[in-house]
Amino acid sequence: MRRAWAGIGLVVAGCDANPVDHTPEDPRPSVLLITLDTTRADHLSPYGYALADTPIYDQLAREGVVYTRAYSTCPLTIPSHSTIMTGRPPPSHGVRDNGDFILGDDAITLAERFSEAGWATAAFTSAFPTSKRWGFGQGFDIYHDPLPRLPTQRDWRDERRAGEVIDDTIALLGELDEGPVFSWVHLFDAHWPYDPPPRFANAHPGRPYDGEIAYAADEVARLLAWWDAEHPRSIVLITSDHGEGLGDGGEQTHGFLLHDGTIRVPLIVRTRGLDDSWIAPGTRVDHPVSHVDIAPTLLALAGLDVHPEVMGRDLRDGGTQETWSEALTAQFSLGLSPLYALTDASGRYTEGSRGAFYPFVGTEVLPIPDVRTDLGPWAQRLGTVRASFDEVIAPEATLDGDDLAMLQALGYIGGDPTAEAGEVDPRDVIGVIPLTWQVRQAIGARRYGTAERQLAILEAHMPDTWGVDHLRASLLLAQGRQEDALHRFVDLFQRAPSSTIALHIAGIHASRAEWSEAEGWFAETLALQPMSPEAMAGLVRTARAMGEPELAWERTMAALVQHPDHAELSVARAEMLLEDGRVDDALDEVSGAMDALAHHPWAHLVLAEVRWQQGEAEQAIDALHEALRLAPFDLPVRMQLARWLLEVGRNAEARRTIAPAARLLPEVPEVQALYAETQAAVDAELGR
Ligand SMILES: [Zn+2]
């Protein structure tokens, strides 16, 4: 989208006949917002880091204003960027965690404001958490977030290096017509894993995190050299979304705790060619300010009014000097207590299952509490601030298996926004929290002994917490102890009704061909999360399994209206096409979904059915083998495989396939009958 240039007050977008086009007096400045992911303030040169190799930030500090005590509202990418873009803290924009929420359409973003006022708007982002799907596209004419989805990268990470992002930024901004631009550039490099390009790795031996920061700074310098030549009137603002623990408070990465390592961020603002007075170049501001102050400052500096939904304050008026931060990941993913914090000039009060005050000493808020502080007044202040937010929950994100895998590859566990808050404070168990991730990996890799040992440690440190009990149930399920797993999941559900748990329970019933129970739990899931595509797909599957094809078709169509591209619903549609005898169409449909659902047994089951109807018995049996490998305790899959093996005369194999189920389920007549049939076939083959 190109916007023609126009004098202020004569904003006539796209009107070529406008005689004031290309007048050089347009007073509207261009705006460049750069967010450096995972970059601690105290690892940059303007913040006193002796080992820093970031000269471009020194230059910006000399030409602009450095905020030495700027704080993020949340140590996670998606909530934090939602705050930067809206000027609202997480309780008010509703994006409280990574992966579970989308910034809603009702949010008013910087890009929307600049776009409405005639600025061209362009975003260049470098990683999955800042891709358009999280609601960040609002107001942007250009949203450049290409992520190569090579299969080899799925288990690694999905990010683009700064060099590529800056190349694209310069190329695409260079194609715009003259006129003011609002551009956001996001560089993910400093995020784990730390893997700087060789030149920067060699220059920072043993310090790859600093190497990543130096590399990103080098690319920022290249962008700014170009930008300053193109945009003589401009505002440049650099910050990070959050920092990195690097061991502070016992935390290595970020997301769980609220200390300076993860929430103190760089914030440098530089203006050029503006009439409006700004603080003298080289000024350093030492009182606390917040990310919520970025939006009002950029709007006001650009000459736009600050809309009333913005909750921060113009930095020129001092900004927000009592700043709010929160970390709810511990609650949503593990059932620990959530953390909330207020930071002012004296230090930080953080409240989890207990309160503590951390004093400001020298240049930072120490991660060590001052036990003499009277916490009563602090607790009251925090409560008052929290009550003023009118808390909201943003629309829930719907992710397919691929999306979840990508978030998990970046180290995010993915939680449940309905998870109960527990009594265990994440500050007390931060050292063992990484084990939760390792247990998941061990279960996924079927290293059950390892999972068992690690889980025992977690159970000792976090007794009766939702997340650990959930891991225990998952391990039981993986080990084939379905009955025990089911009891655990039902117990978890009774403690805190959650769509995730309901979906697990539904899945267990489906894997035992208990279709009406499965249907009930899929319905329960949908009641708790009305947009859940997994639950919609489950209801299609149960209707079909219970012999109600009309109902299944109705449910498929209704679900596709909500999620036209969701992989699981493609599988549901494939099943229906198959039912209609449209075998080739069904194959197209399910094949398209297999990439995203490679780990999903049901997708392989449907693929198998399509192959079988095409007369490709061997391929059908192969697909079922894969389904069974993924879900060894799925009864419908096992029975189907045994039946087909019988049909193609692989009788002994059929018997071997159904025998374990026959032993485990003596009370299920269908299983016993099928086993008897395979036995008879083997006997006949041997002439017995
Ligand atoms: Zn981030």
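Since this is a predicted model, take the numbers as computed values, not measurements.

Criteria and thresholds
- Each chain carries its own residue numbering, running from 1 in the written order of its sequence.
- In keeping with the model being predicted, local features are shown solely for residues with a pLDDT of at least 70 and side-chain atom pairs are shown and tallied solely at 80 or more, while totals for entire chains, interfaces and linings include all residues.
- Note on pairing: two strands pair once DSSP finds at least 2 bridges between them.
- Segments assigned H or I by DSSP are reported as helices when at least four residues long, segments assigned E as strands when at least two residues long, and all are numbered from the N terminus.
- Burial is judged by counting the other C-beta atoms within 10 Å of a residue's own C-beta: 20 or more makes it buried, 12 or fewer makes it exposed, and any count in between marks it as partly exposed, with every C-beta position built from the backbone.
- How far each domain reaches was decided by an automatic or database domain assignment.
- What counts as a contact is two residues whose backbone-derived C-beta atoms lie within 7 Å of each other.
- Gly falls in the polar group here, along with every residue not listed as nonpolar (Ala, Val, Leu, Ile, Met, Phe, Trp, Tyr, Cys, Pro) or charged (Asp, Glu, Lys, Arg).
- Confidence scores labelled pLDDT are given residue by residue by the predictor and lie between 0 and 100.
- By definition, a nonpolar core groups buried Ala, Val, Leu, Ile, Met, Phe, Trp, Tyr and Cys residues that connect through C-beta atoms lying within 7 Å of each other.
- Axes here refer to lines fitted to C-alpha atoms; in helices the fit is confined to the stretch in contact. Angles between the N-to-C directions go from 0 to 180 degrees.
- To estimate the expected span of a helix, subtract one from its residue number and multiply by 1.5 Å.
- By definition, the arc is the one covered by directions from the helix axis to the C-beta atoms.

## So, the pairing of strand S15 (residues 355–361)
Thinking step 1. Of the pairings in the sheet, the one linking strand S14 (residues 347–351) to S15 comprises five bridges and is antiparallel in character. Within S15, the residue paired with Arg-348 across the bridge is Tyr-358.
Thinking step 2. Taken together, S14 and the strand that follows it, S15, pair antiparallel across an intervening segment of three residues.
Thinking step 3. Looking at chain direction, S15 and strand S16 (residues 364–365) are connected through two bridges and run antiparallel. Bridge assignment links Phe-360 to a residue of S16, and that residue is Val-365.
Thinking step 4. Hairpin connection of S15 to S16: two residues between the antiparallel strands, including Gly-362 at a positive phi of 75 degrees.

## Let's talk about the sheet that holds strand S8 (residues 264–265)
Thinking step 1. Read from one edge to the other, the open sheet built from three strands follows the order S8-S3-S11, with strand pairing classed as mixed. At either end of the open sheet lies a strand with only one pairing partner, and these are S8 and strand S11 (289–290).
Thinking step 2. Taken together, the two bridges between strand S3 (residues 70–71) and S11 define a ladder with parallel strand orientation. What sits directly across from Ala-70, in S11, is Val-289.

## A short note on the pairing of strand S6 (residues 181–187)
Thinking step 1. For S6, the tally of buried residues reaches seven of seven residues, placing the bulk of the element in the interior.
Thinking step 2. Side chains Val-181, Ser-183, Val-185 and Leu-187 project from S6 onto one buried face, and the interleaved Phe-182, Trp-184 and His-186 project onto a second face that is buried too.
Thinking step 3. Pairing of strand S1 (residues 30–36) with S6, which is carried by six bridges, proceeds in the parallel orientation. Paired with Val-31 across the two strands is Phe-182, which belongs to S6.
Thinking step 4. Where strand S4 (residues 120–124) meets S6, five bridges bridge the pair, whose relative direction is parallel.

## Remarks on the domain arrangement of the chain
Thinking step 1. In terms of domains, the chain is made up of domain 1 (30–387) and domain 2 (432–496).
Thinking step 2. Using C-alpha coordinates to define each centre, domain 1 is positioned 35 Å away from domain 2.
Thinking step 3. Contacts between the two partners involve five residues from domain 1, matched on the other side by five residues from domain 2.
Thinking step 4. By residue class, the composition of the side of domain 1 that touches domain 2 is three nonpolar, two polar and no charged.

## Observations regarding the confidence of the model for the chain
Thinking step 1. In this model, the chain carries a mean pLDDT of 89, and residues with pLDDT of at least 70 account for 91%.
Thinking step 2. The low-confidence segment residues 150–157, where pLDDT is below 50, has nine contacts with residues more than four positions distant or belonging to other chains.

## Observations regarding the nonpolar core
Thinking step 1. The biggest cluster of nonpolar side chains holds 180 residues, and the ones touching the most others in it are Ala-216, Leu-298, Val-571, Val-590, Val-606 and Leu-624.
Thinking step 2. Per-element tally for this core: the top contributor is helix H7 (residues 208–230), with 10 residues.
Thinking step 3. Shared between two domains, this core takes at least three residues from each, and those domains are domain 1 (30–387) and domain 2 (432–496).
Thinking step 4. Here Val-571 is in contact with Ala-537, Val-590, Ala-593, Leu-597, Trp-602, Ala-603 and Val-606, once residues within four sequence places are set aside.

## Examining the environment of Arg-161
Thinking step 1. Here Arg-161 is to be found in the loop between strand S5 (142–144) and helix H5 (162–174).
Thinking step 2. Taking the number of C-beta atoms within 10 Å as the measure of exposure, Arg-161 has 19 and is therefore partly exposed.
Thinking step 3. C-alpha of Arg-161 to C-alpha of Ala-659: the two residues are 498 residues apart in sequence and 53 Å apart in space.

## Some points on the sheet that holds strand S9 (residues 267–272)
Thinking step 1. Taking strand neighbours across the sheet as the criterion, the eight strands line up as S5-S4-S6-S1-S7-S9-S2-S10 in an open arrangement whose pairing is mixed. Single-partner strands in this sheet number two, and they are S5 and strand S10 (284–285).
Thinking step 2. Contacts from H5 reach S4, S5 and S6 within the one sheet, and its direction differs from that of S6 by about 165 degrees.

## Points about helix H23 (residues 583–594)
Thinking step 1. Here H23 is 12 residues long and its end C-alpha atoms lie 16 Å apart, about the 16 Å a rise of 1.5 Å per residue gives.
Thinking step 2. Those residues of H23 not exposed but buried are Ala-586, Leu-587, Glu-589, Val-590 and Ala-593. Down the axis of H23, the buried set is contained in an arc of 165 degrees. They therefore lie on one face.
Thinking step 3. Looking at the buried positions of H23, the neighbouring elements they touch are helix H22 (567–579) and helix H24 (601–613).

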